[in-house]
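Tertiary structure, described
Spelled out from the first residue to the last, the chains are:
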Amino acid sequence: MGATLTNPLRVGLRQERVIPPQCLVIFGASGDLTHRKLIPALFELFRQRRLPSEFAVLGCARRPWSDEEFRSRMAEALAPEVKRHQSAWNQFAACLFYEPVDLQQPADAVRLGERLEAIDKLKATRGNRTFYLSVSPAFYASGCRSLAAAGLLKDPSRSRVVIEKPFGTDYASAEQLNRVVQSCGQEQQIFRIDHYLGKETVQNILVLRFANTIFEPIWNRNYIANVQITAAETVGVEERAGYYESSGALRDMVQNHLTQMLALTTMEAPGRFDPEAIRNEKAKVLQAARLANEEEPWKCCVRGQYSQGGNRLNPVAGYRQEPGVNANSTTETYVAMKLFIDNWRWQGVPFYLRTGKRLPKRLSEVVLTFHEAPVHLFDAAGGSPTANQLILRIQPDEGAGFVFEVKAPGSGMRSRPVDMHFSYDESFGEPSDEGYVRLLADAMLGDPTLFTRSDEVEAAWRLYTPLLELIEDAPWQLPIHPYESGTWGPGAADNLLAEEGLMWRRP
Amino acid sequence: MAPQLTLQAPLELPPDQVPAYLESLWSQGLKGSAGAATFTLVVWEPSWLQQQLVRTGRLDGPISGLLSEELLTAARGAVTDCGLPPSTAPSAPELAWALGQQEGQHSAPDLRGQFVDRAISSHRPRRLITLAPTLTADTPLETLVAAYCPLPEERGSGEDACGDVVVLRGGMGAIQQGLAILQPLIEPDLPCWVWWNGSLDESPDVLEALATPPRRLVLDSSIGSPRRCLDQLVQRIATGQAVNDLNWLRLRSWRESLAMVFDPPSRQGALQHVVQLDIDVEGQHPVKGLLLAAWIADRLGWHLQTSYRLPANGDGEGIGAEFQRHDGESVQFRLMPVPVGLAKTHPGALVGLRLICAPQGQAPLCVILCSESGGCMRLEAGGVASMELAEEVVPMPNESEEMELARLLGGGHDTTNPLLAAAAPLAAKLLPE
Ligand SMILES: NC(=O)c1ccc[n+]([C@@H]2O[C@H](COP(=O)([O-])OP(=O)(O)OC[C@H]3O[C@@H](n4cnc5c(N)ncnc54)[C@H](OP(=O)(O)O)[C@@H]3O)[C@@H](O)[C@H]2O)c1
């Protein structure tokens, strides 16, 4: 969260949960994610003294680097940080090691096992290991298999595997991958990453709902008229065209991040704050979710693709003109849809999800709109009174807002809406952990609360299967609507809501 | 978590046979077990209070070395019987000493070192060594050894992970003699923690011999004379040794609560304008209060000008000091002992804190933190009514020493926490000679 002002009394206080001695093994150590996110997050944890002295990072990839080469490459990639904290970096870099490993070569995993034992001796890491698969998804299965075959996953209390997104590309592939992964280790050892769960404000949905009594009684169909979940980006596809072309917004954003927000917003209260209790409830609600029209899914989903925009001075390329994108691409960069949840709490409440690239604002939020007052006693300044809204802002400007009607000043009894706003920055002023810092720390602590369980992943894929099949088999039924870069998506998306007399919230 | 006994009955061996026995244990029975690469924990466990309570018939055995509820109840009863002030904490060495003056010849089995708290055993120590001095000074040295395995449910389905337990028991003379056996039992390549679970005033030579760097020391600066406690802390930190002070760790919720008050950016400016800091503590042990004050002063960049004793009022002597802020303005500090009806387990527990900030052109801000059990009427009095008031109740940590220790063992550091390293020398200067 934006603020940089720090409270001098806060420094060094975040030490409630200690990460146990261990060796973190990163596969894909020469890749983009490692130097952009993982090593910076680890260095941050190191500087906050949240890593124990008995700690090591073993980088692995195919290229034949040495420990020294790995260290200097990482130092290069983090140059500004390293310069600012040179002596801390020197200490940290001494915990970095490298071993050339090809995940598809079983013999390499055996050599890896030997190297790990040597590191256990050198750094007293007690045989605890976290394996982080930061490699192409094509290697998740074979990677797990070779680790298991080398006996590196046999103690579930001391070894775990972190798997990056995406976990599968549809229901069948996710199920297949789960089967492989579960044959290699126990579910408790598997940590499937969803970056959104690393965000403080996503976690706050749970606290807001279950630490307060005022929300729960009204958190249901009797009071809530509809729910909108938005994740809007201003950027285009950037350098990720290769990946994005085969994925699209539905796979890249909806199946994971938006669905996680949906689950946290709609789940029942868990009996206790316990990873399994929470994940049970999330899985249950996702299993009850469905597309608003499963027989004719084209009626409840709109796909879009950004086209040129900007102005003469600052033209913005359309998706099909981006480098690496097929000039006739039908990959969606925008998707909006309507869902229902078939359970007692949510029966009949429509849920609208949308996400897109090159929208006017970068923002993620969940908006709960309440039923209107049963009788309109007062004239509203804006024609009809605005329904109450609770807005959970995930990013930026993290916080929560509540929209309600008050009396407009002046004679008469006209009402108008006002916004009561809670802001993280104003209340805490503390930059919270970057998502990867939180998720890496949790994985190394063995706390799976913020990771998705196999049944959650499968339920999420199942939910969108009718759409994915349609795109595959009859794409003309779910056409790509172009929208100008910098607008709120195709007009067709507005029709999804218009039939109910609703509109997307314009944040 | 309930402590449990080692699974094997310990074997009593002549002291000189211990090393060879352990050697064979690891080369045969425990060979290849995962316990091999963790750490050694050495505990100085005099348990004088428990021994005296048992001897005077106030507590049933066995002697376990653990601070149980029964023990605390018996100790609180003994405070009155011994004519000590009610604010005397059960773990204050004065209490054990006063009990030592009383009659009694009761005895009980001595099982020190044979109970392993689950919180500790779950970290699978390679070796747990306990030094258990007895009340009778001339008891000869006894050495006990046992292989130790966690219960199946702690073990997970992985390989067995085992360690061993060594107990050295006897009078003080015997213990001195035992030190020679002990040194070679500490694996030099593994981290070693030394937990000084007694007063810092006693047996300085044993402490010296056990807690040599780079071994990591765990001590409690609330037990022993304030001067000695702070000096030990400062000297040991200065050598670069990793020092963990349980008394400092118990300040966590106070530091957290105070930081929380100043989290809103709109409040942070006030921290630059503190004019007064008051701390109330239980009884006559100021170290915890001084550590808290020193932490605040260090974080806010204050310089100590003078410190002095405050004239005794009914409740005993206080400490006063003056600091200078960055901008040259001065900050007044006062630490006062206050009487309490029921003392917390450890001497010098905090009762309340008051911080007054006077930013220019704004209403003064008064922050008051109170412990859950005590009130802070004293701090709420005196002109506070005209200020913006931020009051917080500080939750009482309710964790055993073993849990706290287990947290250290669970993710150790080979250097002292920098906040403690900065606060300790300042706290030592705050304590007037
Ligand atoms: N980058 C991001 O911002 C981002 C964001 C979200 C999720 N992810 C996910 O994170 C993972 C890694 O992404 P990335 O962008 O870092 O990928 P990348 O830059 O392409 O790196 C892939 C890494 O895998 C290694 N590798 C390839 N084949 C291997 C094999 N057979 N055995 C061992 N290592 C092998 C490569 O090194 P060698 O060629 O030396 O073997 C390289 O270090 C992917 O699953 C991706 O979906 C990335």
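Residues numbered from 1 in each chain as written. Chains lettered and ligands numbered in written order. Predicted model: local features only at pLDDT ≥ 70, side-chain atom pairs only at ≥ 80, totals over all residues. Heavy atoms only, no water.

1. Examining the overall build of chain B
- Of the regular secondary structure elements, chain B holds 16 helices and 17 strands.
- With the principal axes as the frame, chain B shows a C-alpha extent of 75 × 50 × 40 Å.
- Taken across its 433 residues, chain B has 58% of its residues classed as buried.
- The long-range share in chain B, meaning contacts at least 24 apart out of those at least 6 apart in sequence, stands at 74%.
- When the accessible surface of chain B is totalled, it reaches about 17,000 Å², and 54% of it is carbon and sulfur.
- On chain B, the mean spot of the 30 positive side-chain charges and the mean spot of the 50 negative ones are 3 Å from each other. (Helix = DSSP H or I, 4+ residues; strand = E, 2+ residues; numbered from the N terminus. Buried < 20%, exposed > 50% of the residue type's maximum accessible area, 1.4 Å probe, protein only. Contact = heavy atoms within 4.5 Å. Areas by Shrake-Rupley, 256 points an atom, 1.4 Å probe, with all protein chains shown as cover. Lys, Arg positive; Asp, Glu negative; His and termini not counted. Charge placed at Lys NZ, Arg CZ, Asp CG, Glu CD.)

2. A short note on the site of the ligand
All names here are of chain A.
- Not every one of the 22 residues close to the ligand is listed here, only the nearest: Ser-30, Arg-36, Arg-63, Val-135 and Tyr-140.
- At 3.3 Å from an oxygen atom of the ligand is found a main-chain nitrogen or oxygen belonging to Gly-28.
- Here Leu-103 contributes a backbone N or O atom positioned 2.8 Å from a nitrogen atom of the ligand.
- When the free accessible area of the ligand is taken as 890 Å², the share hidden by the protein chains comes to 79%.
- Here the shell around the ligand takes three residues from helix 1 (residues 32-47), the largest share from any one element.
- Tallied by class, residues from the shell around the ligand come to ten nonpolar, five polar and seven charged. (Near = heavy atom within 4 Å. Polar contact = N/O pair within 3.5 Å; in protein donor to acceptor, adjacent residues only side chain to side chain. Nonpolar A, V, L, I, M, F, W, Y, C, P; charged D, E, K, R; others polar.)

3. Digging into helix 5 (residues 106-123) of chain A
Residue and element names in this part refer to chain A.
- Over its 18 residues, helix 5 extends 26 Å from the first C-alpha to the last, a length consistent with the 26 Å expected when each residue adds 1.5 Å.
- Within the sequence span of helix 5, burial applies to Asp-108, Ala-109, Leu-112, Gly-113, Arg-115, Leu-116, Ile-119 and Asp-120.
- Contact partners of the buried residues in helix 5: strand 1 (22-27), strand 2 (55-61), helix 2 (67-77), strand 3 (96-100), strand 4 (129-133) and helix 6 (140-149).
- Positioned one or two residues after helix 5, Ala-124 has a phi angle of 50 degrees, which is positive. (Expected span 1.5 Å × (residues − 1).)

4. Focus on the interface of chain B and chain A
- Of the residues lining the interface, 39 residues belong to chain B; the matching set on chain A comes to 33 residues.
- Counting every contact that joins chain B to chain A gives three salt bridges.
- Between Glu-256 of chain B and Arg-10 of chain A there is a salt bridge, with its nearest N and O atoms 3.1 Å apart.
- If you look at where chain B meets chain A, you find twelve residue pairs in polar contact (both at pLDDT 80 or more).
- Looking at the side of chain B that touches chain A, the element that brings in the most residues is helix 11 (residues 252-261) of chain B, giving five residues.
- Of the residues belonging to the side of chain B that touches chain A, the class tally is 17 nonpolar, twelve polar and ten charged. (Salt bridge = Lys/Arg side-chain N within 4 Å of Asp/Glu carboxyl O.)

5. Overview of the nonpolar core
- By size, the foremost hydrophobic cluster in this structure holds 147 residues, and its most contacted members are Phe-27, Ile-39, Leu-42, Trp-89, Leu-112, Tyr-132 and Met-337 of chain A.
- Element by element, the count of residues in this core is highest for helix 10 (residues 248-266) of chain A, at nine residues.
- Each of domain 1 (22-164) and domain 2 (197-498) of chain A accounts for three or more of the residues forming this core.
- Excluding residues within four positions of it along the chain, Tyr-132 of chain A makes contact with Leu-24, Val-25, Ile-26, Phe-27, Leu-33, Leu-38, Val-162, Glu-164, Ile-193, Tyr-436 and Leu-440 of chain A.
- Counting residues in hydrophobic clusters, the runner-up holds 105 residues, among them Phe-39, Val-167, Val-367 and Ala-406 of chain B. (Core = buried A, V, L, I, M, F, W, Y, C linked by side-chain atoms within 4.5 Å. Domains from an automatic or database assignment.)

6. Here's the deal with the sheet that holds strand 1 of chain A
Residue and element names in this part refer to chain A.
- Pairing within the open sheet is parallel, and its six strands lie in the order 3-2-1-4-5-6. A strand with exactly one partner marks an edge of an open sheet, and here the two such strands are strand 3 and strand 6 (190-192). Across the sheet, the mean angle from the axis of one strand to that of its neighbour is 20 degrees, orientation sign disregarded.
- Bridge analysis of strand 4 against strand 5 (residues 159-163) gives five bridges, and the strand direction is parallel. Note on strand 5: the bridge partner recorded for Tyr-132 is Val-162.
- Across the sheet, helix 1 touches strand 1, strand 2, strand 3 and strand 4, and the angle it forms with strand 1 is around 165 degrees. (Pairing = 2+ DSSP bridges. Axes fitted to C-alpha atoms, helices over the stretch in contact; angles between N-to-C directions.)

7. Thoughts on the domain arrangement of chain A
All names here are of chain A.
- On domain assignment, one finds that chain A holds domain 1 (22-164) and domain 2 (197-498).
- Averaged C-alpha coordinates put domain 1 and domain 2 at centres separated by 34 Å.
- Taken residue by residue, the interface counts 18 residues in domain 1 and ten residues in domain 2.
- For the pair domain 1 and domain 2, the number of links is four residue pairs in polar contact (both at pLDDT 80 or more).
- Put simply, the parts of the chain that give the side of domain 1 that touches domain 2 at least two residues each are strand 1, helix 1, strand 4 and strand 5.
- Broken down by element, the side of domain 1 that touches domain 2 gets its largest block of residues, seven residues, from helix 1.
- A per-class count over the side of domain 1 that touches domain 2 returns ten nonpolar, three polar and five charged.

8. Some thoughts on helix 14 (residues 454-473) of chain A
- Between the first and last C-alpha of helix 14 of chain A there are 27 Å, a value that for 20 residues agrees with the 28 Å anticipated at 1.5 Å per step.
- Its axis deflected by about 50 degrees at Thr-465 of chain A, helix 14 of chain A carries its strongest bend there, up to four residues before the proline Pro-466 of chain A. (Bend = angle between axes of the 7 residues up to and from the residue.)

9. Notes on the pairing of strand 9 (residues 216-219) of chain B
All names here are of chain B.
- A two-sided burial pattern is seen for strand 9, the buried positions comprising Arg-216 and Val-218 on one face and Leu-217 and Leu-219 on the other.
- As defined by bridge partners, strand 8 (residues 192-196) adjoins strand 9 across three bridges and the pair is classed as parallel. In the sheet register, Val-194 faces strand 9, and the bridge partner there is Leu-217.
- Crossover connection from strand 8 via helix 8 (residues 204-210) to parallel strand 9: handedness right-handed. (Right-handed = clockwise from strand over helix to strand, strands pointing away.)

10. Things to note about unusual backbone geometry
- Going from Lys-165 of chain A to Pro-166 of chain A, the amide bond is cis rather than trans, its omega being 0 degrees.
- In this structure, Pro-166 of chain A sits in the loop between strand 5 and helix 7 (171-184).
- Non-glycine residue Asp-397 of chain A carries a positive phi angle of around 55 degrees.
- Exposure remark for Asp-397 of chain A: the relative accessible area of 41% places this residue in the partly exposed category.
- Phi is positive for Arg-124 of chain B, which is not a glycine, with a value near 55 degrees.
- In this structure, Arg-124 of chain B sits in the loop between helix 5 (118-121) and strand 5 (127-133).
- Arg-124 of chain B gets classed as buried once you look at its relative accessible area, which sits at 11%.

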